[in-house]
Structures are given as structure tokens and as C-alpha cells.
Amino acid sequence: MSMTTTEERHAILEAVRDFAEAELAPHAQEWDQAKHFPRDVIARAGEVGLGGIYVREDVGGAGLGRSEAVAIFEELAKGDPSIAAYISIHNMVAWMIDCYGTDAQRREWVPRLVTMGDLGGYCLTEPGAGSDAAALTTSAIRDGDEYVLTGVKQFISGAGEASVYVVMARTGEPGARGITAFIVENGLPGLSFGANEKKMGWNAQPTRQVILDEVRVPASAVLGGEGQGFKIAMKALNGGRLNIAACSLGGAQWALDQAVRYVHERFTFGEPLAEKQSVMFAVADMATELTAARALVRDAAAAVDEDAPDAAVQCAMAKRFATDAGFAVANEALQLHGGYGYLQDYGIEKVVRDLRVHQILEGTNEIMRVIVGRAVLND
């Protein structure tokens, strides 16, 4: 991880803010309505260094820490939470290969992922194994110098568009210790994808099943060693939870900013809405919730950077609080807009739809409570 000065951090965030305002925000509603995945804009994100934010510099990454990453994803999400979230998932895949891959795996895949000319997909969830990820049934059977992968992965962001997938499959005993991670290249015989899911939000990124029908991969495709897959997946999700929490902050902050502008402009009973005490209290609570959430996210990011023993618990706390707060703030911003908030023209309803799924993915918020509660009770 490279250390950044305050001036460097400000310059990075200013560049990201400019990118989000120029490349994402003007098109976010159009992409949502057309269900369009903007590969050209994703490629330009790679050109400005957003494809390998916390990937090491020797393979082309920016080498930043998680503290910088959460600030970056918050800025991106102000432009479009859906695209920001996909970029965060892509970064998780690039980091997994960079962190756990052999030198050959790193050299083959990470530079391509960093440019975002090639995209990555993360394949853990299955139709029958969501929160109970250790119960996954996708199998990987050794056959000489190859493994044969068979199974279905569910709700995979970027499926069909990505060039490489990190797939969790069972190579051994039931439970977490029998799971291995594999690098699976798109185009292999037996690899196919389901229909694009019809979703409430996140319409600017594709979500499909990844179907593995006796897909053969070489033994060299194992990532991090046999039986290490679940550990790798959970480590990756610590960062993923931080990233999605930051995306919630960005989307909600944008919604709050729109609401503040609107209540100054909208007059009722002879005065602006901003003069109403009920509106003032609502805005105060929204700002306070986001500030508190941002502090949790920043502390958790610092814990990951420092490899603190309670980093996973802090990430769970931050993810639960920030995604709940983010959705609540966006929903309140819609309420403050009245009937106009329900119209697509204002963009608020899109952010509400996009942020709702953040309370479900990267581990549901109920699972986040399980992680935190167990830690507290066992301390």
C-alpha cells in the first residue's frame, strides 16, 4: 500500500469527482432506463486508474489503501451508484488475484483488469447458497492435471461481460474447508450465462447466472491453494462490504444535496419548505446519519489497512449501518420532494432503487448483525 499525502488524496478525489460528474452523472438515468452497460465509460474509468485502486503497483495498480478506496467509491456513487458498485466488484476480483495469485496468475490477469479492458466477476452465491455460503454445491473434481467444474452461480454482476471469473467450488469435505477458488476464463467450453435478471435497480449493470457444465480448467487455475477458497472469499468480502457501504454514502449524499436544493426552491403556504421546522429536523437527521456512517466506514477501512484483528467485525458494522442509513436518507429525500420525487425526471427514485440492494448483497444486513453479535458475546 502506498502512503498518500493530504494533497495527493485531495488531487485523487478531485480527479474522481470530475470523472463522475462528466462521465457518469449525465447518463445515469438514461442507462438505468435502457438497461445499458456502458463498456466505453468503464474503459475510461480504467484509463484514469479506477480498475486497480488497491492493486499493487508492479502489475499496474494504484497501490492505494482502503481508506482512499472508500472515499473514491463514495465520489463515484454520487455520479451513479450502479456503475460505482460494479467498479467496486471488479476491483475486488483484481485484488483477489493480485493478493492470492501466483506470479504467473498476477502477470497474466491483473494488468488486463487494471485497464478495465478486461472485466472481472465474483462467483460465490448459488441458487441454494446465499447467506450460508459455506453450503455451496458447485463441484470441482480433479482429473489429472485439470479440474472439472460443474454448478450454477447466482446474481453475478457483470456475468457475460467479464473476461475472467473467480469461482468458488467444492473440492473436498462439506463446509468451509472444502472450498477452493478458481480463475475461470470466459469462453471455455461448458461455460454459459443465464438471462439478464429483471431487477428493481442496478439496471446499468448486467446480473446473470454463471452456468458451469463440466468446465475444464488447468490445475494452475487454482487461486491461493486447494481448500483456501472460503477464507479468500471472506477476506474479499471485508473490502467488498466497505466498498458497497461507501457507494451507499455517495448515493445518499447526492440525494440529500438534491433535497436541500429542492426545499429552498419549493414554496408552500407563503414560505420555502426549508423554513418548516419538520423539514429542518428531517435534514438534520439525514446529515447526522450520513456523518456517523461515514465515520464507521472510515474507521473500518483503517482497520483493514492496519490488518486489525477486529477488521471483519468493523466492516460488518460499517456495512450494516451505512447501507441502512443510505437507503433511509435517499428514501427521505424522495419524501421531501413530494410527488416530484416519485418521477424519474428528478433521479431520486433511481437512487432509492439502486441503494435498496446494498442492504442485501455482500452479506445481508441480518448476517452483519450475526457477525457483530457473535463477536460481542464471545469477547
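What this report covers is the structure whose coordinates are included nearby. What you see is a predicted model; the values in this text were computed from it and never measured. Note on numbering: residues in each chain are counted from 1, in written sequence order. Local features are withheld for residues below a pLDDT of 70 in this predicted model, meaning they are given only at 70 or higher, and side-chain atom pairs are given and counted only at 80 or more; totals for whole chains, interfaces and linings count all residues. Side-chain numbers come from the whole structure's heavy atoms, not from hydrogens or water.

**Examining the nonpolar core**
- By size, the foremost hydrophobic cluster in this structure holds 115 residues, and its most contacted members are Phe73, Leu76, Met96, Tyr122, Leu149, Met168 and Phe182.
- Setting aside residues up to four positions removed in sequence, tyrosine 122 forms contacts with Ile89, Met92, Val93, Met96, Ile156, Val166, Met168, Ala233 and Leu237. The nonpolar core is taken to be a set of buried Ala, Val, Leu, Ile, Met, Phe, Trp, Tyr and Cys residues, with the residues joined through side-chain atoms within 4.5 Å. Categorising residues by exposure relies on relative accessible area from a 1.4 Å probe, with only protein chains included: less than 20% of the type maximum marks a residue as buried, more than 50% marks it as exposed, and the intermediate range marks it as partly exposed. By definition, residues are in contact when any of their heavy atoms lie within 4.5 Å.

**Observations concerning unusual backbone geometry**
- For methionine 116, which is not a glycine, the phi torsion comes out positive at approximately 65°.
- In DSSP terms, a helix is any run of H or I states spanning at least four residues, a strand is any run of E spanning at least two, and both are numbered starting from the N terminus. As for its placement among the helices and strands, methionine 116 is situated in the loop between α6 (103-115) and β1 (120-123).
- A residue is classified by how much of its surface remains accessible, and methionine 116, at 1% relative accessible area, is buried.
- The phi dihedral of aspartate 307 falls on the positive side, at around 55°, and the residue is not glycine.
- Turning to its location among the elements, aspartate 307 is positioned in the loop between α8 (277-305) and α9 (311-336).
- On the basis of relative accessible area, aspartate 307 is assigned to the exposed category, the value being 57%.

**A look at the environment of methionine 234**
- The residue methionine 234 is located in helix α7 (residues 229-265) in this model.
- For the pair formed by methionine 234 and isoleucine 12, sequence separation is 222 residues and the distance between their alpha carbons is 28 Å.

**Let's talk about the pairing of strand β2 (residues 139-143)**
- Bridge analysis of β2 against strand β3 (residues 146-157) gives five bridges, and the strand direction is antiparallel. Pairing of serine 139 across the sheet is with threonine 150, part of β3.
- A pair of strands is labelled paired if DSSP reports no fewer than 2 bridges between them. Adjacent in sequence and paired antiparallel, β2 and β3 are bridged by two residues, among which glycine 144 carries a positive phi angle near 65°.

**Description of the state of the cysteines**
- Any two cysteine sulfur atoms within 2.5 Å of one another count as a disulfide. Evaluated as defined, the whole model comprises zero disulfides.
- With no disulfide of its own, cysteine 99 has cysteine 315 as its nearest cysteine by sulfur position, at a separation of 14 Å.
- Its sulfur unpaired, cysteine 123 is 19 Å from the next cysteine sulfur, which belongs to cysteine 99.

**Topic: the packing of α7 against α8**
- The N-to-C vectors of α7 and α8 enclose an angle of 160°; their axes lie 10 Å apart at closest approach. By the criterion of interaxial angle, the relationship of α7 to α8 is roughly antiparallel. Here α7 and α8 pass one another in a crossing that is left-handed. Touching Leu242, Ala245, Leu249, Ala252, Gln253, Leu256, Val260 and Val263 of α7 are Val279, Val283, Met286, Ala287, Leu290, Ala293, Arg294, Val297, Ala300, Ala301 and Val304, all from α8.
- The residue makeup of the contact of α7 with α8, split by class, is 17 nonpolar, one polar and one charged. Only the contacting stretch of a helix is used when fitting its axis, a line to C-alpha atoms as for every element, and angles between N-to-C directions run 0 to 180 degrees. Here is the rule for angles: anything less than 35 degrees is roughly parallel, anything more than 145 is roughly antiparallel, 65 through 115 is roughly perpendicular, and the remaining ranges are oblique. Here a crossing is taken to be left-handed if its near helix is turned anticlockwise relative to the far helix by less than a right angle, and right-handed if that turn runs clockwise. Amino acid classes used here: Ala, Val, Leu, Ile, Met, Phe, Trp, Tyr, Cys and Pro are nonpolar; Asp, Glu, Lys and Arg are charged; the rest, including Gly, are polar.

**Considering the pattern of salt bridges**
- Here, a salt bridge means any side-chain nitrogen of Lys or Arg that lies within 4 Å of a carboxyl oxygen of Asp or Glu. Inspection of every chain in the model, using the stated rule, returns 24 salt bridges.
- A salt bridge links arginine 17 to glutamate 75; the nearest nitrogen and oxygen atoms lie 3.2 Å apart. In this pair, arginine 17 is assigned in helix α1 (residues 6-24) and glutamate 75 in helix α4 (residues 66-79), connecting sequence segments 58 residues apart.
- Glutamate 75 gets classed as buried once you look at its relative accessible area, which sits at 9%.
- Among the charged side chains, a salt-bridge network with shared partners connects Arg56, Asp58, Asp98, Asp103, Arg106 and Arg107.

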